[in-house]
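Tertiary structure, described
Listed below are the residues making up each chain.
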Amino acid sequence: ARLELVAHRNFSENNQQSLRFDLARLTSALEKPIGQEDKLEQGLRFEPASGKLFHRLGIALALPLLSEKKELLGFWVLGEKKSGERFTAEDLSLLTSAAMHASLAIDRFHLQRELLLEKETSERLAELGEMKSFFVSSVSHELKTPLASIKLYAQLLQLPPTDAMPLPPETRSEYAEIIEGECDRLTRLVHSVLDFAKTERGLKTYHLTPQSLNGAVIHALKLMTYQFKMQNTVVTTALSEHHPTIAADRDALIEVLLNLLSNALKYSGAEKQITVRTEVLESGVVLAIDDNGIGIAAEDLTKIFEPFYRAAPSASAPAGGTGLGLALVKQIADAHHAILGVRSRIGIGSTFTVCFPTSQLSINLDQHA
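Residues numbered from 1 in each chain as written. Predicted model: local features only at pLDDT ≥ 70, side-chain atom pairs only at ≥ 80, totals over all residues. Heavy atoms only, no water.

Concerning the overall build of the protein chain
Secondary structure assignment for the protein chain yields seven helices and 13 strands. With 369 residues in all, the protein chain has 36% of them scored as buried. The long-range share in the protein chain, meaning contacts at least 24 apart out of those at least 6 apart in sequence, stands at 64%. Counting only carbon and sulfur atoms, one obtains 55% of the accessible surface of the protein chain, whose full area is about 22800 Å². (Helix = DSSP H or I, 4+ residues; strand = E, 2+ residues; numbered from the N terminus. Buried < 20%, exposed > 50% of the residue type's maximum accessible area, 1.4 Å probe, protein only. Contact = heavy atoms within 4.5 Å. Areas by Shrake-Rupley, 256 points an atom, 1.4 Å probe, with all protein chains shown as cover.)

Things to note about the sheet that holds strand β12 (residues 339-345)
The sheet built from five strands is open, its strands ordered β8-β10-β11-β13-β12 with mixed pairing. On the outer flanks of this sheet lie β8 (234-238) and β12, each paired with one strand and no other. Direction aside, the axes of adjacent strands within the sheet are offset by 15° on average. Judged from the six bridges that link them, strand β11 (residues 284-291) and strand β13 (residues 349-356) form a sheet pairing that is antiparallel. Note on β13: the bridge partner recorded for Leu287 is Val354. Most of the contacts of helix α6 (residues 250-266) go to β11, to which it runs at about 25°, and overall it touches β10 (273-281), β11 and β13. (Pairing = 2+ DSSP bridges. Axes fitted to C-alpha atoms, helices over the stretch in contact; angles between N-to-C directions.)

Some words on the confidence of the model for the protein chain
For the protein chain, the mean per-residue pLDDT works out to 82, and 86% of the residues sit at or above 70. Note that pLDDT drops below 50 for residues 314-319; the model gives that stretch seven contacts with residues more than four away or on any other chain. Here residues 362-369 is modelled with pLDDT under 50, and outside its nearest four sequence neighbours on either side it reaches 16 contacts, counting other chains as well. (pLDDT = per-residue confidence, 0-100.)

Focus on the packing of aromatic side chains
Scanning all chains against the criterion turns up two aromatic pairs. When the centroid spacing of 5.0 Å and the interplanar angle of 50° are considered together, the rings of Tyr153 and Tyr175 count as tilted. Note that Tyr153 is positioned in helix α2 (residues 89-158) and Tyr175 in helix α3 (residues 169-200), a separation of 22 residues in sequence. (Phe/Tyr/Trp six-rings, centres within 6.5 Å; stacked < 30°, edge-to-face > 60°.)

What about the side chain of Glu255?
Relative to the helices and strands, Glu255 resides in helix α6. Contact partners of Glu255, with chain neighbours within four places excluded, come to Arg188, His191, Ser192, Asp195, Leu328 and Ile332.

Details of the pairing of β12
Both faces of the sheet carry side chains from a regular strand, because those side chains alternate between them. Inspection of the sheet shows β12 paired to β13 by seven bridges, in the antiparallel sense. The partner of Ile339 across the bridge, within β13, is Cys355. From the end of β12 to the start of β13, which pair antiparallel, there are three residues, and Gly347 there has a positive phi angle of about 80°.

Re the packing of α6 against helix α7 (residues 325-335)
It is the contact of α6 with α7, at a shortest axis distance of 9 Å, that shows an interaxial angle of 145°. The crossing of α6 and α7 is left-handed. For the pair formed by α6 and α7, the contact residues are Ala252, Glu255, Val256, Asn259, Leu260 and Asn263 on the first element and Gly325, Leu326, Leu328, Val329 and Ile332 on the second. (Left-handed = near helix turned anticlockwise from the far one by under 90°.)

Quick word on the environment of Thr245
As for its position among the elements, Thr245 is in strand β9 (residues 245-248). Taking relative accessible area as the criterion, Thr245 reaches 36% and is therefore assigned partly exposed. The spacing of Thr245 and Pro210 is 35 residues in sequence and 6.2 Å in space, taken between C-alpha atoms.

Concerning helix α4 (residues 213-223)
Inspection of α4 places Leu213, Asn214, Ala216, Val217, Ala220 and Leu221 among the buried residues, and these make up the whole buried set. The buried residues of α4 occupy an angular sector of 160° when projected down its axis, which confines them to one face. Counted as exposed and oriented over 90 degrees from the buried face of α4: Ile218 and Lys222. (Arc of directions from axis to C-beta.)

Looking at α6
With 17 residues, α6 should cover 24 Å at 1.5 Å per step; its first-to-last C-alpha distance of 24 Å lies within 8% of that length. Burial runs high along α6: 13 of the 17 residues are buried. For α6, the N-terminal capping position is held by Asp249, with its side-chain oxygen 3.1 Å away from the main-chain nitrogen of Asp251. (Expected span 1.5 Å × (residues − 1). Polar contact = N/O pair within 3.5 Å; in protein donor to acceptor, adjacent residues only side chain to side chain.)

As for the pattern of salt bridges
Counted by the stated rule, this structure contains five salt bridges. In this structure, Glu80 engages Lys39 in a salt bridge whose closest nitrogen and oxygen atoms are separated by 2.6 Å. On the criterion of sequence distance, the pair formed by Glu80 in the loop between β6 (72-78) and α2 and Lys39 in the loop between β3 (34-35) and β4 (47-48) is long-range, its members being 41 residues apart. A relative accessible area of 53% places Glu80 in the exposed class. As a salt-bridge pair, Asp91 and Lys81 come within 2.7 Å of each other at their nearest N and O atoms. One end of the pair, Asp91, is in helix α2; the other, Lys81, is in the loop between β6 and α2, with ten residues separating them in the sequence. (Salt bridge = Lys/Arg side-chain N within 4 Å of Asp/Glu carboxyl O.)

Next up, the structure:
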């Protein structure tokens, strides 16, 4: 709805502001140059200009720049000739030809930009399609394994006991523990997907309250007991004696711990060892999780927190998971103003750290992050 000066030469600085322009109210078809009658020779084909506006802006002649589809791209405007003479037929022919070439150049630029945007959109849609396919197959795989275990052990519990093979109470208890553990695993998976979706849509809110970081670690380790047991994982803790308290959303804090622990478990070596540490520093309260896994290549370290990103799988750690765990950890850390870090060495292992600022406790704990 406005005309804006893009480039000029010797144009008055007082006339460089944008102008209101209503294309719908134009009486001209813009098929001919527009000019002041006293600035052009008689007998030339042009549209008479609004003398008041053109005089105020110091414009003698305006040539519309039209696309091949006759859409208005802009105007090429000129002041009076330096000689003070009127514009001649030769002048108008030269200027009209130049305006036509300028229009074609601008039109071609717009077309190239549209083609590039279409190409980028097409590539993005293809990428999203691949991500969707990967996500669906990954979630299906993650659901299939615990569901198979639940079904198997539920069927074993339903088998009628025989004198030859009675089912001891401790075995029944073990089967029930496996079923419960796999159900918890499914619940965490569903919560991760739902939480990520809420955060992506801006619907996720966090209620910050004082939380014991050591207490959250102990609770998360308890929830992971079944998975640690099934994979013969040695878990050690080195929790701060200062019992650090941070301002955090309880559920989100547990979500961070569960995702980092699951990630460490997934990529640990054959003899799985995980260490969970908490520490109080001047810069804040630090949560650290170490594993003895395959490690992460340097080129992947800046990308692993992106949704659905996966480093190339190896024989020792085939691809698995939804690709959302670390992305969700990053979102939660950002919402808590925490600093997320990772150090890794190929064949040695990785350390993920989350540093919660101590100043966070002094803010209003009831705010939504």
